[in-house]
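Residue strings, one per chain:
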Amino acid sequence: MKELFIKDEFIKLDAALKFSGALGTGGQAKMVIQDGLVLVNGEVCTMRGKKLRSGDTVEFENIKFVIKNEG
């Protein structure tokens, strides 16, 4: 599982998918989230603005990553 390091307290789900390289654009992220193709902490999440914090996991297709704070 990859680690996605963030500087702030949280990152929104759509931004995390884009920043991780799982998807190329925010528009693509919005579509796959709305289609129920993304899991957050093992459960389907359709909220693109879902705030992810350190320790949260995200899965999309064969890509899995965990959010970590940089500090």
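Every α-helix carries 3.6 residues per turn, so stepping three or four residues along brings you back to the same face. Those residues of helix 1 (residues 13-20) that sit buried are L13, D14, A16, L17 and S20. One face of helix 1 carries all of its buried residues, which in axial projection span an arc of 165°. In the stretch just after helix 1, G21 is the one whose phi turns positive, near 90°.

Closest axis-to-axis distance for the helix 1/helix 2 (residues 26-34) pair is 9 Å, and the angle between their directions is 125°. Looking at the two axes, helix 1 sits oblique to helix 2. The way helix 1 lies across helix 2 gives a crossing that is right-handed. Together, L13, D14, L17 and K18 of helix 1 and G26, A29, V32 and I33 of helix 2 make up the contact between the two elements. The residue makeup of the contact of helix 1 with helix 2, split by class, is five nonpolar, one polar and two charged.

On to the nonpolar core, then. Nonpolar side chains in soluble globular proteins tend to end up buried together. Ranked by size, the top nonpolar core spans 19 residues in total, and within it L13, L17, V38 and L52 carry the most contacts. Contributing elements (two or more residues each) for this core: strand 1 (2-6), helix 1, helix 2, strand 3 (38-40), strand 6 (57-60) and strand 7 (63-69). Beyond its immediate chain neighbours, meaning those up to four positions away, L17 contacts A22, L23, A29, V32, I33, V38, V58, F60 and F65.

Conventions adopted
Residues numbered from 1 in each chain as written. Predicted model: local features only at pLDDT ≥ 70, side-chain atom pairs only at ≥ 80, totals over all residues. Heavy atoms only, no water. Buried < 20%, exposed > 50% of the residue type's maximum accessible area, 1.4 Å probe, protein only. Helix = DSSP H or I, 4+ residues; strand = E, 2+ residues; numbered from the N terminus. Arc of directions from axis to C-beta. Axes fitted to C-alpha atoms, helices over the stretch in contact; angles between N-to-C directions. Parallel < 35°, antiparallel > 145°, perpendicular 65-115°, else oblique. Left-handed = near helix turned anticlockwise from the far one by under 90°. Contact = heavy atoms within 4.5 Å. Nonpolar A, V, L, I, M, F, W, Y, C, P; charged D, E, K, R; others polar. Core = buried A, V, L, I, M, F, W, Y, C linked by side-chain atoms within 4.5 Å.

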